[in-house]
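Next come the chains, spelled out residue by residue.
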Amino acid sequence: MILLGKMQTLRVIKKADPGVYLASLDTAEEGTAVSEDKQMQLHVPSILLPKRQAEGLEIGNETEVFVYKDSEDRPIATTARPSLVMGEIKKLVVKEVNNIGAFLDWGLAKDLFLPFKEQTYPVKSGDSVLVTLYIDKSSRLCATMKLYPYLPSNSPYQREDRVSGTVYEIIDSFGAYVAVDDQFSALIPKHQLFTKLAAGETVSAHVTKVQPDGRLELSIRERSYLLLGTDGEKIYEMLCQAGGFLPYHDKTSPELIQAKFGLSKSAFKRAIGHLQKNGKIIIEEDGIAKAE
């Protein structure tokens, strides 16, 4: 069978003025079973490889090609390997945006279409966007930025490992979805978003949890013992600017602490405990005061 969106080896069965016509190899002869997505299967007996790419090929020769659809929606083969094939996730550059969507450079004569409905944030010409391929209802290859169903969860990372990746989508009720190494599925949960992130941004984080299905949970905050000094310095500086007293303590609501300091309540408590231990503040019933 001939597969849309894949590199594959086909055999020359006919020569003609436009080029050569290719057909699939006999799978029984190859001794392998083909079990590809049915949506990728092109139900055609042969496919054209244009003359300019068919030089030297004779009937019976085999050649490796990529199969897609040309500007007139006709299946066609090319010996050029595009930047992205089915099953891969890559960053591609936006060449143009018009009233129906964006078009990406993937190394072929016909640019790759990225519909508006498949964008997780608005893109513009020159942007580098992380995408994968899918086949739309008209059996055409298109790009999508909605990567969650396509990202594998079999990463090699464990809890406390440092990782980096691309934020590909932000959903306020859940958090920031990240493609670690632009390859593996991960989430920075909502309660870990102490810094505003933007989709398309590259982040450095550490793994806080590996879910039973292998998906990663991340935090962009440093480990607590590394942050004691940083968080403490921030609180102490704000304390000094406020004249030596702030009405916040270990019974203040997490929402107020988050709004005032940009910290979780547990991080706030660790930091003021660290400042108290070092003799810089006094923790009082109604707040914290600068030590004399």
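Cut-off values and rules
Residues numbered from 1 in each chain as written. Predicted model: local features only at pLDDT ≥ 70, side-chain atom pairs only at ≥ 80, totals over all residues. Heavy atoms only, no water. Helix = DSSP H or I, 4+ residues; strand = E, 2+ residues; numbered from the N terminus. Rg over C-alpha atoms; globule rule 2.2 N^0.38 Å. Buried < 20%, exposed > 50% of the residue type's maximum accessible area, 1.4 Å probe, protein only. Contact = heavy atoms within 4.5 Å. Phe/Tyr/Trp six-rings, centres within 6.5 Å; stacked < 30°, edge-to-face > 60°. Salt bridge = Lys/Arg side-chain N within 4 Å of Asp/Glu carboxyl O. pLDDT = per-residue confidence, 0-100. Pairing = 2+ DSSP bridges. Axes fitted to C-alpha atoms, helices over the stretch in contact; angles between N-to-C directions. Polar contact = N/O pair within 3.5 Å; in protein donor to acceptor, adjacent residues only side chain to side chain. Core = buried A, V, L, I, M, F, W, Y, C linked by side-chain atoms within 4.5 Å. Expected span 1.5 Å × (residues − 1). Arc of directions from axis to C-beta.

## Thoughts on the overall build of the chain
What the chain contains, in helices and strands, is 4 helices and 20 strands. At 28 Å, the chain has a C-alpha radius of gyration far larger than the 19 Å of a compact globule built from 292 residues. Taken along its principal axes, the extent of the C-alpha atoms in the chain is 95 × 45 × 30 Å. Every one of the 292 residues in the chain was classed for burial, and the buried ones make up 45%. A separation of at least 24 residues holds for 58% of the contacts in the chain among residues at least 6 apart in sequence.

## Brief notes about the packing of aromatic side chains
Applying the stated criterion to the full structure yields 8 aromatic pairs. For the ring pair Tyr-248 and Phe-261, a centre distance of 5.3 Å and an interplane angle of 80° mean the geometry is edge-to-face. Placement of Tyr-248 in the loop between β18 (245-246) and α3 (254-261) and of Phe-261 in helix α3 is noted, with a sequence separation of 13 residues between them. For the pair formed by Tyr-248 and Phe-261, the shared burial category is buried. One aromatic cluster in this structure is built from Phe-66, Tyr-68 and Trp-106.

## With respect to the pattern of salt bridges
Opposite charge on two side chains lets them pair, provided their charged atoms get close. By the definition in use, this model includes 13 salt bridges. We note a salt bridge from Arg-81 to Glu-88, for which the minimum N-O separation is 2.9 Å. Because the salt bridges share partners, they merge into one network encompassing Asp-70, Glu-72 and Arg-74.

## Some remarks on the confidence of the model for the chain
Across the chain, the average pLDDT comes to 88, with 93% of residues at or above 70. Of all secondary-structure elements in the chain, the lowest mean pLDDT belongs to helix α1 (residues 27-30), at 40, while strand β9 (residues 101-105) reaches the highest, 98. For residues 27-35, every residue scores under 50 in pLDDT, and the model assigns this stretch 5 contacts once sequence neighbours within four places are set aside. Counting contacts from residues 223-228, a segment whose pLDDT is below 50, to residues more than four positions away or on other chains yields 11 contacts.

## Considerations on the sheet that holds strand β20 (residues 287-290)
If you trace the 3 strands from one edge of the open sheet to the other, you get β18-β20-β19, paired in antiparallel fashion. One side of each edge strand has no neighbouring strand; the edge strands of this open sheet are β18 and β19 (281-284). Where β18 and β20 come together, 2 bridges link them in antiparallel fashion. Paired with Phe-245 across the strands is Ala-289, a residue of β20.

## Details of the sheet that holds β9
Pairing within the open sheet is antiparallel, and its 5 strands lie in the order β10-β9-β8-β11-β12. Each edge of the open sheet carries a strand with a single partner, namely β10 (112-115) and β12 (141-144). Strand after strand, the sheet turns through a mean of 55° between neighbouring axes, direction not considered. Taken together, the 4 bridges between β9 and β10 define a ladder with antiparallel strand orientation. Considered in β10, the bridge of Gly-101 is made with Pro-115.

## Some details on the environment of Thr-166
Structurally, Thr-166 can be placed in strand β13 (residues 162-171). Sequence separation between Thr-166 and Leu-10 is 156 residues, and the spatial gap between their C-alpha atoms is 36 Å. Those residues in contact with Thr-166 that lie beyond four places of it in its chain are Lys-91, Leu-130, Tyr-177, Val-178, Ala-179, Asp-182, Gly-200, Glu-201 and Thr-202. In terms of polar contacts, Thr-166 uses its side chain to reach the side chain of Asp-182, at 2.6 Å.

## Overview of the pairing of strand β16 (residues 202-210)
In terms of strand pairing, β13 meets β16 through 5 bridges, oriented antiparallel. Pairing of Arg-162 across the sheet is with His-206, part of β16. Here β16 pairs with strand β17 (residues 216-219) via 4 bridges, running antiparallel. Across the sheet, the residue bridging to Val-210 is Leu-216, located in β17. Turn length for the β16-β17 hairpin, with the two strands adjacent in sequence and antiparallel, is 5 residues, and the turn residue Gly-214 shows positive phi of about 95°.

## Comments concerning the nonpolar core
With 39 residues, the main nonpolar core has Leu-22, Leu-104, Trp-106 and Leu-141 as its most contacted residues. The residues contacting Leu-22, other than those within four sequence positions of it, are Ile-2, Leu-10, Arg-11, Val-12, Pro-45, Ser-46, Ile-47, Leu-49, Thr-63, Val-65 and Ala-77. Counting 16 residues, the second largest nonpolar core, distinct from the first, contains Ile-235, Tyr-236, Leu-239 and Ile-272.

## Considering helix α4 (residues 265-277)
For α4, with 13 residues, the first-to-last C-alpha span of 18 Å sits near the 18 Å given by 1.5 Å per residue. For α4, every residue scored as buried is listed here: Ala-267, Phe-268, Ala-271, Ile-272 and Leu-275. Each buried residue of α4 lies within a common arc of 125° when the element is viewed along its axis, so the set occupies one face.

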